[in-house]
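Listed below, chain by chain, are the residues.
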Amino acid sequence: MNAAFRDPDPGGAAERTVDPDPRPKAVLEGPDIRRAMTRIAHEILERTKGGADVVLLGVQTRGVTLAARLAAALQEVEGRPFPWGSIDVTMYRDDLRMKPARALGRTEPPPEGVDDRVVVLVDDVLFSGRTVRAALDALGDLGRPRAVQLAVLVDRGHRELPIRADYVGKNLPTSMRETVRVLLAENDGRDEVLLGEEAR
Amino acid sequence: MNRHLISAADLSRDDALLVLDTAEEMAQVASRSVKKLPTLRGRTVVNLFYEDSTRTRISFEAAAKRLSADVINFSAKGSSVSKGESLKDTALTLEAMGADGVVIRHGASGAPHRLSSWVRGSVVNAGDGTHEHPTQALLDAFTMRRRLGELAGRRVTIVGDVLHSRVARSNVLLLATLGAEVTLVAPPTLFPVAVGTWPCEISYDLDAVLPKSDAVMMLRVQQERMNAAYFPTVREYSRRYGLDAERFARLPEHAIVMHPGPMNRGVEIAAEVADSVRSTIVEQVANGVSARMAVLYLLLGGSEPAIGKEVSP
Amino acid sequence: MTAYLITGARVLGGEPADLLLEDGVIAAVGRNLAAEGAERVDAAGLVALPGLVDLHTHLREPGREDAETVETGTRAAALGGYTAVHAMANTDPVADTAGVVEQVWRLGREAGYCDVHPVGAVTEGIRGEQLAELGAMADSAARVRVFSDDGHCVSDAVIMRRALEYVKAFDGVVAQHAQEPRLTEGAQLNEGEMSAALGLRGWPAVAEEAIIARDVLLAEHVGSRLHVCHVSTAGSVEIIRWAKSRGCQVTAEVTPHHLFLDDRRAAGYDPIFKVNPPLRTADDVAALRHALADGTVDCVATDHAPHPVEAKETEWAEAAMGMIGLETALSVVQEAMIETGLLDWAGVADRMSAAPARIGRLAGQGRPLAAGSPANLVLFDPSPRRPVDPAAMASKSRNTPYAGLTLPGRVVATFLRGRPTVLEGKLQ
């Protein structure tokens, strides 16, 4: 069983060094992803009553790209910039000792900080919930938000912790054997969510 | 076999850049409301100091504590054989305590190398005799990179007692790995005879080198050298190899002045130079914690180290 | 006394011959010898050499019996093919009186594995200040002819001059440990690329060469014999070559380790490679091999220097200097000199037996393997190659730098005046 596929591990490189399934199926394509982000932007504004105190924090690596897109989508609707930044959870992970020491990603909250803000954590795939748990710990060390919410592009189920997303681009029922790969133009050259079978 | 950081030469270019990039992230932590990371929770780091060096010890201690490691300070002054327990017996003790990392400062060159063959944990050299001090070189490179940008092609001048300086040795090796051009400046008595085999230039003439320097690192003149005929008098040394205000003025506008500390103000460096805005001396102290956090994280933060070198017993 | 008929041995590596040992002497050498009642030793394929003579052995007794004793050291010597060793004077107490040298000499006779010739100290307590009673040691039962402060240099030019002059009265020789003390304060490793990289205090070649240059001139001036211990640099070789060309009575020795190991071995800071004089560069090693081959350096001497484990399991700077060498000397010389074609077995017999016996004025050692010579000889099998195992050594100490290395050759038998001290590779 390949740990990199069990946990989406957005900060880790392992996920992308493993050959993808020979016949992965595209479950979301460019326009689907765009529409999902626009919908999430609207939901955020609705849930936070105009998003006055909202700060977006993308979880490294693809969560950061999605946070940037969400900020742009929010700005398009509201006509003002939304603060966004990045958070790297590597040093807060509970599986550090299971792999060699890893390179760190940037943690760069917006200059406004996170104190008393409504922080929306943004990630690409929600799976076991362990990355979000680590992100909550990391966030606690950056400051004290008024509230924390979670936005994900794909929720594939199989939670191992009591965590759920507030905003979901697509619920994607999967088996444990399947793999979900999110490709984004800024990182990977194209927008696509692929569902594959883990190589045996 | 485990990996260790004993010499700056143990780091490949990729390793060195990984440490510097990681140190950059670690530096951010110092500005947060909670200056602590849970990363090394449950790991034990032993600071094994056979020489007095409060600066280096507290720097490593702060680094380990910011990463939530348990820190045990073990100071064993004096030589190990003549004054009690041998280094090997101490190593076996540390082994029994389950040290994941051992930071060692020792007056004998090669002591960390020996230690690494007797313990399972990763050994970090915090200065051994007149051999090396790799984390000092890392914090210096980190400081230079923050001030000057990428180091490839940068000209770094290191001035002083090269013969006895572990700082100079480690800096030459690391800066060469990073592609900087190093020039060592000293009176001929303070160069090793084989310095020509090192990856750097050498010069006896500080004034000739200064105008071409992006960074000048002044080394401390040890008290015991002053009385051992390496140079006629402290005054003459200071006149020929000290960085005074006049020489400082000959540096390019962007150039920085560094010193590993502790300084002899008025000997190798004038007070007004040490206190100028282009001096990085205080920054180097803060950067030391970040660089050492990076080293400890990369050695101890995973199932196995991401940097360093195996040592054959 | 049992007679031995050694059959088919290659005498000095030459054609097979038989040797008959009777009453402590070689009774006959020739083909198809027969001898009633003699014990036969099949030596087919083995090289027969005269028993080896070591000019430079530290037996550590009295004083450091935890590292070596006369008995354990001479057992090691016999296993290495030696029939005589010179026991260095830096014991505790120092061998600077007739009493101490006679004690060591007597211990050697009691052990019986090989002849032990004590070296007398040149100065009292090897402190370099006051001449020891050289004449009393020469006249003692030990009949001392070699005098040395080894471990320390007789650095005072006047003391050295007086010593050289004084020993002429009994045809003695001063064996100088050439090490200028001020140039080597705290020195750890040959001064050069390795010492610079490792941050170990440099031990300059000039500290050895300057003393040798001074001493050959002194020896020439007073017309006395000088022997230079453990020559380790190419520069020393040049000075000795020059001195010999002028007719100075200078002889010199080189250790097996200086013929085989260079300072790159120190890279791991393992003090097993810490020795005085230090391991030098590969160029020095090459120069020493050629000097031994052309006779500029007269002989091989082991500088066998046993140390207890704890003296080496430490930091480099704290560690004791020295390595054991009696049991590996012939193998190392085979590797360094025979396998490289620099010497043949006759040459090895000269450099490891005849020459050192001549320098030490040992009448009964280093003689040709011919009828009438004392039956001191070694049978050596040059064919096997095997890893060096410190645990299998007879020395009380284990500080061999060759542990784990594969070396050629094996001592099969050693005879001391017709009596085997080693047979089939085992002590008798």
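Since this is a predicted model, take the numbers as computed values, not measurements.

**With respect to the overall build of chain A**
Then, in step 1: Helix and strand counts for chain A come out as 6 helices and 8 strands.
Then, in step 2: Each helix and strand of chain A, placed in order from N terminus to C terminus, yields the pattern α-α-β-α-β-α-β-β-α-β-β-β-α-β.
Then, in step 3: When each of the 200 residues of chain A is scored for burial, the buried share is 46%.
Then, in step 4: For chain A, the proportion of contacts with a sequence separation of at least 24, taken over those separated by at least 6, is 69%.

**Points about the overall build of chain B**
Then, in step 1: Counting secondary structure elements, chain B contains 12 helices and 11 strands.
Then, in step 2: The C-alpha radius of gyration of chain B comes to 19 Å, within 12% of the 20 Å expected for a compact globule of 313 residues.
Then, in step 3: The principal-axis extent of the C-alpha atoms belonging to chain B is close to 55 × 45 × 35 Å.
Then, in step 4: Looking at the 313 residues of chain B, the share that counts as buried comes to 55%.

**What to know about the interface of chain B and chain C**
Then, in step 1: Listed by partner, the interface residues are 24 residues for chain B and 17 residues for chain C.
Then, in step 2: Of all elements in the fold, only α3 (87-97), α4 (111-116) and α6 (166-177) of chain B reach the threshold of two or more residues within the side of chain B that touches chain C.
Then, in step 3: Ranked by the residues each element gives to the side of chain B that touches chain C, the list is headed by α4 of chain B, at 3 residues.

**Regarding the pairing of strand β16 (residues 377-387) of chain C**
Residue and element names in this part refer to chain C.
Then, in step 1: Pairing analysis gives 4 bridges linking strand β5 (residues 47-50) to β16, with the strands arranged antiparallel. Bridge assignment links V47 to a residue of β16, and that residue is F380.
Then, in step 2: With 8 bridges joining them, β16 and strand β17 (residues 406-416) adopt antiparallel strand pairing. Following the sheet pairing, P387 is matched in β17 by T406.

**Things to note about the domain arrangement of chain B**
Residue and element names in this part refer to chain B.
Then, in step 1: Splitting chain B by domain gives domain 1 (3-132 + 285-310) and domain 2 (134-281).
Then, in step 2: Computed from C-alpha coordinates alone, the two centres of domain 1 and domain 2 are separated by 25 Å.
Then, in step 3: The partner domain 2 presents 18 residues to the 25 residues of domain 1 that form the contact.
Then, in step 4: Counting residues per element, the ones that place at least two in the side of domain 1 that touches domain 2 are α1 (13-29), β5 (122-128) and α12 (281-300).
Then, in step 5: With 6 residues, α12 is the largest single contributor of residues to the side of domain 1 that touches domain 2.
Then, in step 6: Of the residues in the side of domain 1 that touches domain 2, the class split is 12 nonpolar, 8 polar and 5 charged.

**Some thoughts on the environment of H152 of chain C**
Residues and elements named next belong to chain C.
Then, in step 1: Looking at where H152 falls in the secondary structure, it is placed in the loop between β9 (146-147) and α4 (157-166).
Then, in step 2: Given 18 C-beta atoms within 10 Å, H152 falls into the partly exposed group.
Then, in step 3: Counting along the chain gives 108 residues from H152 to A44, while the straight-line C-alpha distance between them is 45 Å.
Then, in step 4: In contact with H152, other than residues within four places in its own chain, are I126, G128 and H177.

**Brief notes about α3 of chain B**
Residues and elements named next belong to chain B.
Then, in step 1: Those residues of α3 lying buried are L87, T90, A91 and L94. Along α3, the residues classed as buried sweep out an arc of 105° about the axis, all on the same side.
Then, in step 2: Against β2 (44-49), β4 (101-106) and α4 lie the buried residues of α3.
Then, in step 3: Note on α3: the residue one or two positions beyond its end, G98, has a positive phi of about 75°.

**Focus on the sheet that holds strand β2 (residues 54-59) of chain A**
Residue and element names in this part refer to chain A.
Then, in step 1: Spatial strand order, β3-β2-β4-β5-β6: 5 strands in an open sheet with parallel pairing. Both edges of this open sheet fall to β3 (84-87) and β6 (167-171), since each of them pairs with a single strand only. Strand after strand, the sheet turns through a mean of 25° between neighbouring axes, direction not considered.
Then, in step 2: Pairing of strand β4 (residues 118-126) with strand β5 (residues 147-155), which is carried by 8 bridges, proceeds in the parallel orientation. Residue pairing in the sheet places L126 in a bridge with D155 of β5.
Then, in step 3: Against the sheet, helix α4 (residues 62-78) makes contact with β2, β3, β4 and β5, and its axis sits at roughly 150° relative to β2, the strand it touches most.
Then, in step 4: Where helix α5 (residues 130-142) meets the sheet, it contacts β2, β3, β4 and β5, and its direction lies at approximately 155° from that of β4.

**Quick look at the sheet that holds strand β8 (residues 115-118) of chain C**
Residue and element names in this part refer to chain C.
Then, in step 1: Here 3 strands make up an open sheet; going across it, the order is β6-β7-β8 and the pairing parallel. This sheet does not close on itself; its edge strands, each paired only once, are β6 (52-57) and β8. Averaged over all pairs of adjacent strands, the angle between their axes in this sheet comes to 20°, without regard to strand direction.
Then, in step 2: One ladder, built from 4 bridges, connects strand β7 (residues 82-87) with β8; its direction is parallel. The residue bridging A87 from the neighbouring strand is P118, located in β8.

**Considering the environment of G58 of chain A**
Residue and element names in this part refer to chain A.
Then, in step 1: Position of G58 relative to the elements: it lies in strand β2.
Then, in step 2: A sequence separation of 119 residues divides G58 from R177, and the C-alpha atoms of the two residues are 27 Å apart.
Then, in step 3: Residues in contact with G58, not counting those within four places in the same chain, are G63, V64, T65, L66, A67, A68, W84, S86 and V122.

**Some thoughts on the packing of helix α1 (residues 70-79) of chain C against helix α2 (residues 98-111) of chain C**
Residue and element names in this part refer to chain C.
Then, in step 1: Interhelical geometry of α1 versus α2 gives an angle of 60° and a closest axis separation of 9 Å. Classified by the angle between their axes, α1 and α2 sit oblique to one another. Of the two possible hands of crossing, α1 and α2 adopt the one that is right-handed. Across the interface between the two elements, V70, E71 and T74 from α1 touch V104, L107, G108 and A111 from α2.

**What about the nonpolar core?**
A general tendency of soluble globular proteins is for nonpolar side chains to be buried together.
Then, in step 1: In this structure, L56 and L70 of chain A, V19, V216 and L296 of chain B together with A48 and F147 of chain C are the most contacted members of the largest nonpolar core, which totals 303 residues.
Then, in step 2: In terms of residue count, α12 of chain B provides more of this core than any other element does, 11 residues in total.
Then, in step 3: In this structure V216 of chain B touches T157, V159, L210, L243, L251, A255, V257 and M258 of chain B, once residues within four positions along its chain are discounted.

**So, the arrangement of the chains**
Then, in step 1: Taking contact number as the criterion, the leading pair out of 2 pairs of chains in contact is chains B and C.
Then, in step 2: Without any contact between them, chain A and chain C keep their closest C-alpha atoms 27 Å apart.

**Let's talk about the confidence of the model for chain B**
Then, in step 1: Of all residues in chain B, 96% have pLDDT values of 70 or greater, and the mean over the chain is 93.
Then, in step 2: Across the whole predicted complex the pTM is 0.91, and at the interface the ipTM reaches 0.93.

**A look at the packing of helix α2 (residues 54-66) of chain B against α12 of chain B**
Angle between the axes and distance between the axes: these two values describe a pair of packed helices.
Residue and element names in this part refer to chain B.
Then, in step 1: It is at 8 Å that the axes of α2 and α12 come closest, and there the two elements cross at 55°. The pairing of α2 with α12 is recorded here as oblique in orientation. Read as a crossing pair, α2 and α12 show a hand that is right-handed. Where α2 approaches α12, its residues S59, F60, A62, A63, A64 and R66 are matched on the opposing element by G288, V289, R292, M293 and L296.
Then, in step 2: Among the residues forming the contact of α2 with α12, the class breakdown is 7 nonpolar, 2 polar and 2 charged.

**Points about α4 of chain A**
Then, in step 1: When the terminal C-alpha atoms of α4 of chain A are compared, their 24 Å separation across 17 residues agrees well with the 24 Å that a helix rising 1.5 Å per residue should span.
Then, in step 2: Buried within α4 of chain A we find R62, G63, V64, T65, L66, A67, R69, L70, A71, A73 and L74 of chain A.

**Concerning the confidence of the model for chain A**
Then, in step 1: With 88% of its residues at a pLDDT of 70 or more, chain A shows a mean pLDDT of 88.
Then, in step 2: Below a pLDDT of 50 lies the segment residues 1-17 of chain A, which in the model reaches 38 contacts outside its immediate sequence neighbourhood of four places, other chains included.

**Quick look at the pairing of strand β18 (residues 419-423) of chain C**
Residue and element names in this part refer to chain C.
Then, in step 1: Pairing of β17 with β18 involves 3 bridges; the strand directions are antiparallel. Bridge assignment links L416 to a residue of β18, and that residue is R419.
Then, in step 2: Taking the residues between adjacent antiparallel strands as the criterion, β17 and β18 are bridged by 2 residues, where R417 takes a positive phi near 45°.
Then, in step 3: As defined by bridge partners, β18 adjoins strand β19 (residues 426-427) across 2 bridges and the pair is classed as antiparallel. Bridge assignment links V422 to a residue of β19, and that residue is L427.

Cut-offs applied
Residues numbered from 1 in each chain as written. Chains lettered and ligands numbered in written order. Predicted model: local features only at pLDDT ≥ 70, side-chain atom pairs only at ≥ 80, totals over all residues. Helix = DSSP H or I, 4+ residues; strand = E, 2+ residues; numbered from the N terminus. Buried ≥ 20, exposed ≤ 12 C-beta atoms within 10 Å, placed from the backbone. Contact = placed C-beta atoms within 7 Å. Rg over C-alpha atoms; globule rule 2.2 N^0.38 Å. Pairing = 2+ DSSP bridges. Domains from an automatic or database assignment. Nonpolar A, V, L, I, M, F, W, Y, C, P; charged D, E, K, R; others polar. Arc of directions from axis to C-beta. Axes fitted to C-alpha atoms, helices over the stretch in contact; angles between N-to-C directions. Parallel < 35°, antiparallel > 145°, perpendicular 65-115°, else oblique. Left-handed = near helix turned anticlockwise from the far one by under 90°. Core = buried A, V, L, I, M, F, W, Y, C linked by C-beta atoms within 7 Å. pLDDT = per-residue confidence, 0-100. Expected span 1.5 Å × (residues − 1).

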